[in-house]
Amino acid sequence: MQVWKFGGTSVGKPERMHSIRELLNSDPNRKIVVLSALSGSTNALIAIGEAVKAFDDAKAAVLLDDLKTHYSLFIKELYATPEGLQKGQEIVDTEFGYIKSLVGIKPFTTKQDKELVAEGEILSTKMFQAYLDEKGDSSVLLSALDFMRIDADGEPELATIEEKLVTILSQYSDKQTIITQGFICRNPREEVDNLKRGGSDYTASLIGGAIRADEIQIWTDIDGMHNNDPRIVKRTFPIRELTFEEAAELAYFGAKILHPSTITPAKLRSVPVRLKNTMQPEAPGTLIANQTSDREIKAIAAKDNITAIYIHSTRMLNAYGFLRRVFEVFEKYKTPVDMITTSEVSVSVTIDNSEHLEKISADLKEFADLEEHDLDQNIICIVGNFSADKEGIALKVLDALKHIPIRMISYGASEHNLSLLIHSKYKAEALNVLNERLFYYEDAMKDIFTAP
């Protein structure tokens, strides 16, 4: 069995749902298909919730009517028969009736808010499964709320997911296609919750790991993971092979095609992940597995909105326990650290969540001195195979960026990551010059020296 996930743009138009069915039927493997909400739906549902919380019921009603109209037009193009259209209209009427009841509850709590947002995935999966029924395909819809669980810290409970999912799947061994929702789950209170934004990728990986799938396929509108950001850099190309570690580094440090958490469940169970393009299904995409090519430098990514914190203390000299105290502060406020560099009496760290920056600074000042924070920074991450016996990799990177001020460098903690901190105003320049020097410069030099 395989797990295929389709994102919001892949299901965002009726003709794209038609194309997904063709893709599913062109492949003989039995599949669990994970769907996101239609593109724009999650944002629209969030906007409705925000209007209700602001006590602007009139605005919420207008937004709700607009969204329902969008779905009513959608189903007219999705279904080809009167019976199919009737079923689609019943789904829309039922779910929007439930949405209307949710936003009518006062006070409007976080519980209702999460139930509201979950309706995007519930609508898309019910509509798609009804479309497969109309076509006579062998399919069934499973509610992710029946098996997807998170703990009190918001982390998925893989053992529970596996136990519940295997039991449910045993009832549908005769079905070729099993449809379920991405993103949504239940928390320890049995309330509707979610895996945060982008969590449909995570759902697919959790399911793939739980059932030990042959492969997890993440279908988007991009031909695999690119070696650089194609929105900023002109000459990019898709990477054909990555290790789990390399893909995880790229996802965490800014490669938008993949949710940062996706790799972990797949890696735990050694399930390959393939990134595919719904617009070009014949393209090979990117395969993420335990083995990869020998190319040293694979890709570059950039992470935005970084804050650098510079901590000094003479107590750090020849002392132990100082770093523990530093990281206890970040742990206290549940704020992850991206980069860290140290000297005899200083430690510098970066964070991408500044929500608790003032509290963190106040706690750090109790036992250390702080420089003024550097805001609006970028982490540029170069990913590849940087084993200890490799020569000249850092030199290539630093030589390419010799005209750009670098605030921090992290190299050696991982065999797959070289990270640098720069101001965001240099981001585009850095990505472009690194792209040319790391991926095209050597080929250009060979052409010069081999020319007749």
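Above this text you will find the structure in question.
Residues numbered from 1 in each chain as written. Predicted model: local features only at pLDDT ≥ 70, side-chain atom pairs only at ≥ 80, totals over all residues. Heavy atoms only, no water.

## A word on the sheet that holds strand β7 (residues 215–220)
Step number 1: What the eight strands build is an open sheet, ordered β3-β4-β2-β1-β7-β9-β10-β8; its pairing is mixed. The open sheet has two free edges, formed respectively by β3 (139–141) and β8 (241–243), since each of these has just one partner strand. Adjacent strand axes in the sheet meet at a mean angle of 20° when their direction is disregarded.
Step number 2: Examined bridge by bridge, β8 and strand β10 (residues 286–289) share three bridges and lie parallel to one another. The partner of E241 across the bridge, within β10, is L287. (Pairing = 2+ DSSP bridges. Helix = DSSP H or I, 4+ residues; strand = E, 2+ residues; numbered from the N terminus. Axes fitted to C-alpha atoms, helices over the stretch in contact; angles between N-to-C directions.)

## Brief notes about the nonpolar core
Step number 1: Formed by 61 residues in total, the largest nonpolar core has its most connected members in V3, F147, M225, L250 and I288.
Step number 2: Discounting chain neighbours no more than four positions away, the residues touching F147 are L142, I161, K164, L165, I168, T180 and I207.
Step number 3: Core analysis: the second largest hydrophobic core is formed by 38 residues, I20, L23, I48 and I99 among them. (Core = buried A, V, L, I, M, F, W, Y, C linked by side-chain atoms within 4.5 Å. Buried < 20%, exposed > 50% of the residue type's maximum accessible area, 1.4 Å probe, protein only. Contact = heavy atoms within 4.5 Å.)

## Observations concerning the packing of aromatic side chains
The description of an aromatic ring pair uses the distance of the two centres, along with the angle that the planes make with each other.
Step number 1: The full count for this structure, using the stated rule, is ten aromatic pairs.
Step number 2: With a centroid separation of 5.5 Å and 90° between ring planes, the pair formed by F237 and F439 is classed as edge-to-face. Here F237, found in the loop between β7 and β8, pairs with F439, found in helix α13 (residues 427–450); they are 202 residues apart in sequence, far enough to count as distant.
Step number 3: Above the face of the Y440 ring, R235 is positioned so that its terminal group lies 3.8 Å from the ring centre.
Step number 4: R325 extends its terminal NZ or CZ atom over the ring of F367, reaching a point 4.2 Å from the ring centre. (Phe/Tyr/Trp six-rings, centres within 6.5 Å; stacked < 30°, edge-to-face > 60°. Lys NZ or Arg CZ within 6 Å of the ring centre and 35° of its normal.)

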